[in-house]
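Notes for the structure review
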Amino acid sequence: MYTVQRVVDAMNVIYPPESAEAWDRVGLSVGVPTESVRRVLFAVDPCAATVQEAITTGADMLITHHPLLLRGTSSVAATTGKGCWMTEAIRHHLAIFSAHTNADVAASTRALAEPLGVNLERPLEAETGIGGVGTLVEPMSLRNFAHAVERVIPRVPAGILVAGDPDARIERVAICSGAGQSLLDAANAAGADVYLTADLRHHPATDHLWNGGCALVCATHFATEWPLLGYMQAALAEKLPELETEVSTIVTDAWGLALRGGDVEPERTWRAPAPASNTEHRPD
Ligand SMILES: [Zn+2]
């Protein structure tokens, strides 16, 4: 049987906290270092659903990618949503630990690049080591690349958005799991044919495309970061082989339903639907 501290020490060797960005808050956020850990659950987000899953499946520790308390907090009273499940975690002796930007540097990009067949050459952002740029072992069309991404990341309601000519040849790939909007220019500067990331907003994405930028594959935040969890699990299991480990498959994106056009090609002009006949729904 291991202790919380033993798991923390192992995680800190795998993902050194010194390599986290200055604004980040990684490490142990809930838990008693001397308490026992037999079972660990991995999840992208610490939230009510994953804490509940950890408690009901008998986990002693929840290891997440996102930190529990990133910004200033003045109360964890059970009068708030977060306070409620933090209280539950403490009551059930569930420790909570996170490896965030320190894990991004070591493994997040690799967790997407390796199954996609991208040979990584260097980080997308040199100073932080975040993201990556590399070359596809087998070049393919943008459409096929998007389908390859679909097979590598979890299937989520919000799906995957693709910008650019679907038949364009993709060889050089830039990757940043999670919110990678700030690295659009870096993807272009790296000579990427496509940039795979999440959370792109309208204006940065359209400005990028209209300035001749590379194609974009925009998945959800959860979906692009989830593959990291399997890498975390394998690395920790190697260090602490008697630990029982499990990766949560609960989708923690905010979006639960997408009404979409499917494979319909975008039209140059949007046609407003014909107004409904006002004789059929006349108010009483
Ligand atoms: Zn993230």
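Residues numbered from 1 in each chain as written. Predicted model: local features only at pLDDT ≥ 70, side-chain atom pairs only at ≥ 80, totals over all residues. Heavy atoms only, no water.

This part is about the environment of H65. For H65, the position within the fold is in the loop between strand 5 (61–64) and helix 3 (81–91). Separated by 36 residues in sequence, H65 and T101 have C-alpha atoms that sit 8.4 Å apart. Side chain to side chain, H65 and D104 meet in a polar contact 3.2 Å long. (Helix = DSSP H or I, 4+ residues; strand = E, 2+ residues; numbered from the N terminus. Polar contact = N/O pair within 3.5 Å; in protein donor to acceptor, adjacent residues only side chain to side chain.)

Further remarks concern helix 1 (residues 4–14). Residues of helix 1 that are buried include every one of V4, V7, V8, A10, M11 and I14, and no others. For helix 1, the buried positions fall inside an angular range of 165° around the axis, keeping them on one side. Contacts from the buried residues of helix 1 go to strand 1 (2–3), strand 2 (27–30), strand 3 (36–37), strand 5, strand 6 (95–98) and helix 8 (221–239). (Buried < 20%, exposed > 50% of the residue type's maximum accessible area, 1.4 Å probe, protein only. Arc of directions from axis to C-beta. Contact = heavy atoms within 4.5 Å.)

The next thing to look at is the packing of helix 4 (residues 101–116) against helix 8. When two helices pack together, you describe them by how their axes are tilted relative to each other and by the distance separating the axes. Where helix 4 meets helix 8, the axes come as close as 8 Å, and the angle between the chain directions of the two elements is 105°. Classified by the angle between their axes, helix 4 and helix 8 sit roughly perpendicular to one another. Of the residues in helix 8, those in contact with A103, A107, S108, R110, A111, L112, E114 and P115 of helix 4 are T224, P227, L228, Y231 and M232. Looking at the contact of helix 4 with helix 8, its residues break down into 9 nonpolar, 2 polar and 2 charged. (Axes fitted to C-alpha atoms, helices over the stretch in contact; angles between N-to-C directions. Parallel < 35°, antiparallel > 145°, perpendicular 65-115°, else oblique. Nonpolar A, V, L, I, M, F, W, Y, C, P; charged D, E, K, R; others polar.)

All of the protein donors around the zinc ion are H66 (NE2), H221 (NE2), E225 (OE) and E225 (OE); their distances to the metal are 2.1 to 2.3 Å. Of note, the zinc ion draws all its donor residues from one chain, in the sequence arrangement H-x154-H-x3-E. On the criterion of sequence distance, the pair formed by H66 in the loop between strand 5 and helix 3 and H221 in helix 8 is long-range, its members being 155 residues apart. (Donors = N, O, S within 2.8 Å, 3.2 Å for Na, K, Ca; no water.)

On to the side chain of D104, then. Following the sequence through the fold, D104 ends up in helix 4. In this structure, D104 is buried with no salt-bridge partner, the nearest side chain bearing the opposite charge being R110 at 12 Å. Those residues in contact with D104 that sit more than four places away from it in its chain are H65, T109, I130 and S177. (Lys, Arg positive; Asp, Glu negative; His and termini not counted. Salt bridge = Lys/Arg side-chain N within 4 Å of Asp/Glu carboxyl O.)

A few words on the environment of I170. As for its placement among the helices and strands, I170 is situated in strand 10 (residues 169–179). Along the backbone, I170 and V247 are 77 residues apart, and their C-alpha atoms lie at a distance of 32 Å. Contacts of I170, omitting those with residues within four sequence positions, involve L136, P139, M140, S141, L142, F145, D193 and V194.

Quick look at the environment of E138 now. With respect to the helices and strands, E138 occurs in strand 8 (residues 132–141). Separated by 21 residues in sequence, E138 and G117 have C-alpha atoms that sit 7.4 Å apart.

Counting across every chain of the model gives 7 salt bridges. Here R39 ties to E244 by a salt bridge, and the two come within 3.1 Å at their closest N and O atoms. Of the two residues, R39 is situated in strand 4 (residues 39–43) and E244 in strand 13 (residues 244–247); the sequence distance between them amounts to 205 residues. What makes R39 buried here is its relative accessible area of 16%. One salt bridge connects E171 with R169, and the closest N-O pair in it is separated by 2.8 Å. In the salt-bridge network here, residues are joined through shared partners; they are R38, R39, E244 and E246.

The next thing to look at is the sheet that holds strand 10. The strands making up a sheet associate through backbone hydrogen bonding, with each pair oriented either parallel or antiparallel. With mixed pairing, the 6 strands of this open sheet are ordered in space as 7-8-10-11-12-9. The sheet is open, and its two borders are formed by strand 7 (118–122) and strand 9 (161–163), each paired with just one other strand. Taking the axes of each pair of neighbouring strands and ignoring which way they run, one obtains an average angle of 25° across the sheet. Across 5 bridges, the pairing between strand 11 (residues 194–198) and strand 12 (residues 215–219) is parallel. Within the sheet, the bridge partner assigned to T197 lies in strand 12 and is C218. (Pairing = 2+ DSSP bridges.)

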